[in-house]
Amino acid sequence: DSYLLHCTTLSGKHFQADNKKLFQLLKTLMLEGECWMYCQKHEKKQDGRKAFLAVQQQCEGTAAMTARKNRAYASISTAVFKGAKRNYSFQDYITTHAKAHAEIKHCNKEEEITESKKVTDFLFGIQDSSMESTINHVYRNTDMLNNFELCQKYLA
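Nothing here was measured: the structure is a model prediction, and the numbers come from that model.

**Structural notes on the nonpolar core**
(1) Moving on: Among the nonpolar cores identified, the biggest contains 17 residues, and Phe90, Phe122, Leu123, Ile126, Val138, Cys151 and Leu155 are the most heavily contacted of them.
(2) Moving on: When contributions to this core are tallied by element, the ones reaching two or more residues are helix 6 (90-107), helix 7 (115-124), helix 8 (132-140), helix 9 (142-145) and helix 10 (148-155).
(3) Moving on: In this structure Leu123 touches Ile135, Val138, Tyr139, Leu145, Cys151 and Leu155, once residues within four positions along its chain are discounted.
(4) Moving on: Phe23, Cys39, Ala51 and Val55 belong to the second largest nonpolar core, which has seven residues in total.

This is the structure we're talking about:
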């Protein structure tokens, strides 16, 4: 809750101990990874809060969010289903689209893809001839054309 956030004291022996523990935990988790460089400058003081905020800013800053959103759009435009394969099922295809939609919404709350655009992109990537008649049925049904969830459940 925002009241607790604003009235929390970031000092004292308990804060210092927890702050050091947080830094040690972050170091353990990130030492071999890409984010360690953002924590490293806080190592001397063992400042877990500043290290966490530095990583958060890097991962959730404007540039990072734009890159994540662009990757999500790219995954939608490159997703193709040509029939069930050993390592890629229709459910995997659905999940690719659903995850991308959620990522776009997470990255920019105001930028939401319309349901009809979601369905159109989804249907465009299906290149399995055995699903042709079912897809044609979706195109004739305005409820399904305007509701991604309804469409994918029907096709699944």
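**Structural notes on the packing of helix 6 against helix 10**
(1) Moving on: For the pair helix 6 and helix 10, interaxial distance at closest approach is 11 Å and the crossing angle is 170°. What the angle tells us is that helix 6 and helix 10 run roughly antiparallel. Where helix 6 abuts helix 10, its residues Phe90, Ile94, His97, Ala98 and His101 lie against Phe148, Gln152 and Leu155.

**Re the packing of helix 4 (residues 48-60) against helix 5 (residues 62-78)**
(1) Moving on: With their axes 5 Å apart at the nearest point, helix 4 and helix 5 run at an angle of 45° to one another. The angle between helix 4 and helix 5 falls in the class oblique. Of the residues in helix 5, those touching helix 4 at Gln58, Cys59 and Glu60 are Thr62, Ala64, Met65 and Arg68.
(2) Moving on: Of the residues assigned to the contact of helix 4 with helix 5, the class counts are three nonpolar, two polar and two charged.

Rules of the game
Residues numbered from 1 in each chain as written. Predicted model: local features only at pLDDT ≥ 70, side-chain atom pairs only at ≥ 80, totals over all residues. Heavy atoms only, no water. Core = buried A, V, L, I, M, F, W, Y, C linked by side-chain atoms within 4.5 Å. Buried < 20%, exposed > 50% of the residue type's maximum accessible area, 1.4 Å probe, protein only. Helix = DSSP H or I, 4+ residues; strand = E, 2+ residues; numbered from the N terminus. Contact = heavy atoms within 4.5 Å. Axes fitted to C-alpha atoms, helices over the stretch in contact; angles between N-to-C directions. Parallel < 35°, antiparallel > 145°, perpendicular 65-115°, else oblique. Nonpolar A, V, L, I, M, F, W, Y, C, P; charged D, E, K, R; others polar.

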